[in-house]
Every structure is written in structure tokens, then in C-alpha cells.
Amino acid sequence: MQTTVTARHCEIPRTLRAHARRVVERVAKVAHRPQRAQIVFDVDHQQKLAELKVHLPRGATRVATAEATDFRTALDRAAEKLRHQLERASSRAQRAPAR
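Turning our eyes to something else, we now look at the overall build of the chain. Along the backbone of the chain there are two helices and four strands. Considered along the principal axes of its C-alpha atoms, the chain spans approximately 50 × 20 × 20 Å. When each of the 99 residues of the chain is scored for burial, the buried share is 35%. Taking all contacts inside the chain whose residues are at least 6 apart in sequence as the whole, residues at least 24 apart take part in 46%. Surface summary for the chain: the accessible area is close to 6,600 Å², and the carbon and sulfur share equals 45%.

Following this line, the structure appears as C-alpha cells:
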């Protein structure tokens with residue numbers, strides 16, 4: 001899976017970039033055949049924002065955004081939101097009757 005880390009209006013240390021990649025890899029294990037992931041860090045009025053996007057087959061995209069006073073907390077919150085979305089989607093797919 002290809003992962004892109006982007007920083008808007010700020011600088012991100014290498015350790016945080018590496019941590020973000022590990023977090024997305026863990027979350028992507030829940031998804032069915034993830035193709036691409038994007039991580040965007042942004043600063044908005046002293047609030048740190050983290051946005052995670054995971055692109056799935058057939059054009060499906062899951063997006064989670066969170067904000068906090070530091071990037072690591074925002075990243076962890078967004079990862080939890082994304083994990084919840086992916087788990088919910090996979091449970092729906094398992095419950096759907098086969099045609």
C-alpha cells in the first residue's frame with residue numbers, strides 16, 4: 001500500500017512521519033485490500049489537525065479527521081475514527097447476502 005504524508009502550514013519531524021505510517025499500516029489491516037493512504041497534517045488557529053484517507057477498491061474512500069493540541073494526539077484520534085469506519089464497513093459486507 002502506498003502511503004503519502006503531507007504537512008500544510010507546518011513542519012513535521014521524521015519521527016512523527018514514521019509513527020504516522022505505522023499507525024496507518026495497523027489501521028489498514030482492518031480494511032479489505034487497501035490501495036492507497038494519505039495522511040495530512042495541518043495547523044489551524046493553534047489547533048493541530050490530522051486527516052487520514054484510505055482508498056479502497058471500486059472507488060470507495062474512508063476519511064477521518066481529528067484535532068488536538070498536538071499532532072500525535074490528533075493522529076491517534078483520527079486513526080481510531082478510521083478504524084471504527086472500516087470495522088463497520090467490513091461487518092456490513094459480511095452480513096450482506098450473497099447474490
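Moving on, we get to the sheet that holds strand β1 (residues 2–8). Reading across the sheet, the four strands line up as β1-β2-β3-β4 and stay open at both edges, with mixed pairing between neighbours. Only two strands of the sheet have a single partner each, and these edge strands are β1 and β4 (61–68). On average, adjacent strands in this sheet sit at an angle of 15° to one another, irrespective of strand direction. Where strand β2 (residues 36–44) lies against strand β3 (residues 47–55), nine bridges are found, and the strand directions are antiparallel.

Right, let's get into the environment of Thr3. Tracing the sequence through the fold places Thr3 in strand β1. For Thr3, a relative accessible area of 16% translates into the label buried. A C-alpha to C-alpha distance of 21 Å links Thr3 and Asp70, two positions 67 residues apart in sequence.

With that settled, the discussion passes to the pairing of β1. For β1 and β2, the ladder comprises seven bridges, and the chain directions are parallel. For Thr6, the partnering residue across the bridge sits in β2 and is Val40. Handedness of the crossover joining β1 and β2 through helix α1 (residues 14–28) is recorded here as left-handed.

Scoring rules and cut-offs
Residues numbered from 1 in each chain as written. Predicted model: local features only at pLDDT ≥ 70, side-chain atom pairs only at ≥ 80, totals over all residues. Heavy atoms only, no water. Helix = DSSP H or I, 4+ residues; strand = E, 2+ residues; numbered from the N terminus. Buried < 20%, exposed > 50% of the residue type's maximum accessible area, 1.4 Å probe, protein only. Contact = heavy atoms within 4.5 Å. Areas by Shrake-Rupley, 256 points an atom, 1.4 Å probe, with all protein chains shown as cover. Pairing = 2+ DSSP bridges. Axes fitted to C-alpha atoms, helices over the stretch in contact; angles between N-to-C directions. Right-handed = clockwise from strand over helix to strand, strands pointing away.

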